[in-house]
Amino acid sequence: MGRKLFINCNRAIVEAAILSHCRFFAGYPFTPATECLEQASHRFPEVGGVYIQAESEVSVINMLMGAAAVGVRCMTATSGAGFSLMQEAVSHMAGIAELPAVIVNVSRGGPGFGNLAPTQGDYFQATRGGGAGDYRCLVFGPATVQEAVDVTKLAFSLADTYRTPAIILSDQMLAETTEACDLGEPLEPAPPPKWWATTGCRGREPIYLGRPGKDYGPYAEYLSGNLTLNLLGLGHLGQDPDTFEAHMLRLAEKYRRIEAEEVRVETRDLDDAELVVVAFGTAARLILPAIAQVRAEGLRVGLIRPITLWPFPSQLIATVAPRVRAFLVVEMNMGQMVEDVRLAVAGQAPVHLFSTLGGVVPRPEAVAPALRQLAAQPYAPASRV
Amino acid sequence: MQQVFAQSMAAALQGRYDYCAGCGHGITLRLVAEVIDELGLREQTIGVLGVGCYSTNPVTFRFDCQLALHGRAPAMATAVKRLLPDRLVFTMQGDGDLAAIGTAEILHAAMRGERFTTLLLNNANFGETGGHMAPTTLLGQRTPSTPKGRDAEQHGYPTRITEMLTLLDGVVYVARVALSKPSTIARAKAAIKKAFQVQLAGKGFSMVEILTACPSGWRLSPVEALKWIDEVQTKTYPLGELKAVGV
Ligand code: SF4
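Here the structure is a predicted model, which means the values were calculated and not measured. Every residue gets a number counted from 1 within its own chain, in the order that chain's sequence is written. Both sets of labels track the order of writing: A upward for chains, 1 upward for ligands. Given that the model is predicted, a residue must reach a pLDDT of at least 70 before its local features are reported, and side-chain atom pairs must reach 80 or more before they are shown or counted; all residues, however, enter totals for whole chains, interfaces and linings. Side-chain metrics in this entry use all non-hydrogen atoms of the structure; hydrogen atoms and water are not considered.

1. Quick notes on the overall build of chain A
Scanning chain A from terminus to terminus reveals 14 helices and 14 strands. When accessible area is computed with a 1.4 Å probe and restricted to protein chains, residues below 20% of their type maximum are described as buried, those above 50% as exposed, and intermediate ones as partly exposed. Within chain A, the fraction of its 385 residues that count as buried is 59%. Contacts were defined at the residue level, with two residues in contact if any of their heavy atoms lie within 4.5 Å. Put simply, 79% of the contacts in chain A that link residues at least 6 apart link residues at least 24 apart. Entry remark: accessible area of chain A is about 14500 Å², with carbon and sulfur atoms responsible for 55%. Under the scheme used here, helices are H or I runs from DSSP no shorter than 4 residues and strands are E runs no shorter than 2 residues, and both carry numbers assigned from the N terminus. For the accessible areas, the method is Shrake-Rupley and the probe is 1.4 Å, while residue cover comes only from the protein chains on display.

Written out as structure tokens, the structure is:
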């Protein structure tokens, strides 16, 4: 057991990052993520880390790229339009340079400038990637302060393991929640040696971060093909013309491995469930009383709560779908995760959406009737829905 | 027999050269490598390269380099230098990279007085895309995106961003040099060395703007291009040390 705190979620995430040996924080104030910046501004220097308030989110994310490139665990926290501004670099860090970093996105009410209300409208942006090209990021959707602490540590660990950015998708309501949590032990194991870090070439050959034509031996799978060089026609440097294809095939293989091994999900009462609710983060937390209430009334309702939004628990959903009468996806957006659920269900059962918008949150007193109504519907085979 | 010239092999020149005939980038690369050799810092150097023809330099450099996104090298280098203060960190950026898309990043890195060095390669156009107008393109200069010549009314004026940076307290050393003939090249090398020494002394931000030939972009022969630097480009971009505080 580690240090127990009664703490706001934004600040708890920063404390968890410090326990994860994160030693670089760059940020730009953006409500409702700003407490992360405040916490980092005094805590990072205290632990010998570097804290910088940058001139824009564009600069922030490129500072992270520099920190990651020298092998230091790094993070930022932002919201809405700030996260949008980072996408060019997130795409590059994920798909080309393959650099680990943790980015907290405290969703506010979008689209555009939006407002400060809690929503889950950034689900697509986080799970699909708002930048150019084919890439994925690890995405976590915590529901409580304790879980935010736990997934922060996990995010740093997996980001290093797979050399890829990890996104923690919080929202205004979770971010402003103050509750007890246990910070736990410092992250184990210690940061792995980063052979690829460009820290000066003492005792080894120089590295051009992502330079093609070098034999990185056992690490070849992580070697990023430098596309600038390829575009400039230098792909022939000891390479065949398919350098870029080889790079992308490696990337796709990495993503398949993450999908196979890193799904995290909480389930409740799936064994006998006829109706399955799928919800994440704040939405999932808020509707627990509704599920408990209708179960007490005898309705066989279960819950699937993805903790990783990518990789998504598609396999689990596909497995339970044949014995489920209907799914109800509850989201604080127009219906984004529902698409992933429908893809996983693949027509084996009807998939309904309970959506709240503009900062309105799903209330148990509204969700419980929706569940009763679904349970009362005559059984309709999916093929006719 | 007296040896008057020796090829520098330590920090650079791994036998590849990827530029057009007469391009100034090869000279910059060589000067940077020679200075790093003279300072004995090859294994402690980290180059952060912007996006332009010079992005291929690391193929030739024999020290660690990172590729930055277009315009963002100063942000990346800020993190690198803060985390590894004992390394020699420099960014290499073109005039489009630094004075167009990356204006915010260079300005704020300079304001903060970040202790790395920026080498600004000013060839008055976007060489890599085919010679299009850059913020540094001269009035009247014809490019594929200013076919009738740059017109102040329509395209604005050439940007002297180096002069702008001299106003900032965090900036300690700024010079403009040209790669047009042996005498100016020698001065360029001295300025690069001075900027690196300012960095190593932890004094603040340092930058050298280098006027460099782009015969392909300018549609001139290599020899004409060198003349153009001296006779035309330096009229808008005068050479010399623009700021040297306690150096
Ligand atoms: S286009 Fe210009 S800057 Fe680029 S390599 Fe050719 S001469 Fe050099």
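2. Focus on unusual backbone geometry
Residue and element names in this part refer to chain A. The residue after Thr-31, namely Pro-32, is reached through a cis peptide bond having omega 5 degrees. Non-glycine residue Arg-163 carries a positive phi angle of around 50 degrees. Of note, Arg-163 is situated in the loop between helix H7 (145-162) and strand S7 (165-171). Take Arg-163: its relative accessible area is 4%, and that puts it in the buried class. Residues other than glycine seldom take positive phi values, yet Ala-346 does so here, at roughly 50 degrees.

3. Overview of the packing of helix H3 (residues 57-69) of chain A against helix H3 (residues 73-83) of chain B
Fitted lines through C-alpha atoms give the axes, limited to the stretch in contact for helices. The angle between two N-to-C directions lies from 0 to 180 degrees. At their nearest, the axes of H3(A) and H3(B) sit 7 Å apart, and the two run at 45 degrees to each other. Taken together, the axes of H3(A) and H3(B) lie oblique to each other. In this structure, the crossing between H3(A) and H3(B) has a hand that is right-handed. Contacts between H3(A) and H3(B) involve A:Ser59, A:Asn62, A:Met63, A:Met65, A:Gly66, A:Ala67 and A:Ala69 from the former and B:Ala75, B:Met76, B:Thr78, B:Ala79, B:Val80 and B:Leu83 from the latter. Throughout this entry, Asp, Glu, Lys and Arg are counted as charged residues, while Ala, Val, Leu, Ile, Met, Phe, Trp, Tyr, Cys and Pro are counted as nonpolar. The remaining residues, Gly among them, count as polar. For the contact of H3(A) with H3(B), the class distribution of residues is 9 nonpolar, 4 polar and no charged. Here the angle decides the label: under 35 degrees means roughly parallel, over 145 means roughly antiparallel, 65 to 115 means roughly perpendicular, and every other value means oblique. For a crossing to be left-handed, the near helix must be turned anticlockwise from the far one by less than a right angle; the clockwise case is right-handed.

4. Topic: the nonpolar core
For soluble globular proteins, nonpolar side chains are generally found buried alongside one another. Put simply, a nonpolar core is a bunch of buried Ala, Val, Leu, Ile, Met, Phe, Trp, Tyr and Cys residues held in one set by side-chain atoms that sit within 4.5 Å of each other. Membership of the largest hydrophobic core comes to 128 residues, with the highest contact counts inside it found for A:Phe24, A:Met75, A:Phe327 and A:Val341. When residues in this core are grouped by element, the largest group, 9 residues, is from H7(A). Discounting chain neighbours no more than four positions away, the residues touching A:Phe24 are A:Phe44, A:Val50, A:Ile52, A:Met63, A:Leu64, A:Ala67, A:Val72, A:Arg73, A:Cys74, A:Met75, B:Ala79 and B:Leu83. Formed by 34 residues, the second largest nonpolar core is a distinct cluster that contains B:Val32, B:Tyr54, B:Leu67 and B:Val172.

5. Side note on the interface of chain B and chain A
Listed per partner, the contact involves 34 residues of chain B and 41 residues of chain A. Summing the contributions of chain B and of chain A, the shared interface buries around 3200 Å²; its carbon and sulfur component is 63%. Its largest share of buried area at the contact with chain A, chain B owes to B:Asp64, B:Leu67 and B:Leu69, together 21% of the area lost on that side. The working definition used for a salt bridge is a side-chain nitrogen of Lys or Arg within 4 Å of a carboxyl oxygen of Asp or Glu. Counting across the chain B and chain A interface gives 2 salt bridges. Ionic pairing is found between B:Asp64 and A:Arg204, a salt bridge with its closest N-O pair at 2.6 Å. Throughout this description, a polar contact denotes any pair of N or O atoms lying within 3.5 Å of each other; where both atoms belong to protein, one of them has to be capable of donating a hydrogen while the other can accept it, and for residues adjacent in sequence the pair is counted only when both atoms sit in side chains. Counting across the chain B and chain A interface gives 10 residue pairs in polar contact (both at pLDDT 80 or more). Those elements giving two or more residues to the side of chain B that touches chain A turn out to be strand S1 (45-49), helix H2 (57-60), strand S2 (64-67), H3 and helix H5 (103-111) of chain B. Among the elements that make up the side of chain B that touches chain A, the one with the highest residue count is H3(B) (7 residues). Here the side of chain B that touches chain A is composed, by residue class, of 14 nonpolar, 8 polar and 12 charged. Once two parts are brought into contact, the accessible area they lose, counted with a 1.4 Å probe and summed over both, makes up the buried area.

6. Re the pairing of strand S6 (residues 205-211) of chain B
Residues and elements named next belong to chain B. Across the 7 residues that make up S6, a large majority, 7, are buried. Where burial is concerned, the two faces of S6 agree: the one with Phe-205, Met-207, Glu-209 and Leu-211 and the one with Ser-206, Val-208 and Ile-210 are both buried. Looking at chain direction, strand S4 (residues 117-122) and S6 are connected through 6 bridges and run parallel. Note on S6: the bridge partner recorded for Leu-121 is Ile-210. Judged from the 7 bridges that link them, strand S5 (residues 171-178) and S6 form a sheet pairing that is parallel. When the bridges of S6 are listed, Val-174 appears paired with Met-207. The parallel pair S5 and S6 is bridged by helix H8 (residues 182-200), and the resulting crossover is right-handed. Pairing between two strands is assigned when DSSP locates at least 2 bridges connecting them. Classification remark: right-handed applies to a crossover when, strands pointing away from the viewer, the course from the first strand over the helix to the second runs clockwise.

7. Considerations on the sheet that holds S5(B)
All names here are of chain B. Strand order in the open sheet formed by 7 strands is S2-S1-S3-S4-S6-S5-S7, with mixed pairing between adjacent strands. Only two strands of the sheet have a single neighbouring strand rather than two, namely S2 and strand S7 (240-244). When strand polarity is set aside, the average angle formed by the axes of neighbouring strands in this sheet is 15 degrees. The pairing of S1 with strand S3 (residues 88-94) spans 5 bridges and is parallel. Within S3, the position partnered with Val-48 by the bridge is Thr-91. Along the sheet face, H3 touches S1, S2 and S3 and points at about 175 degrees away from the line of S3.

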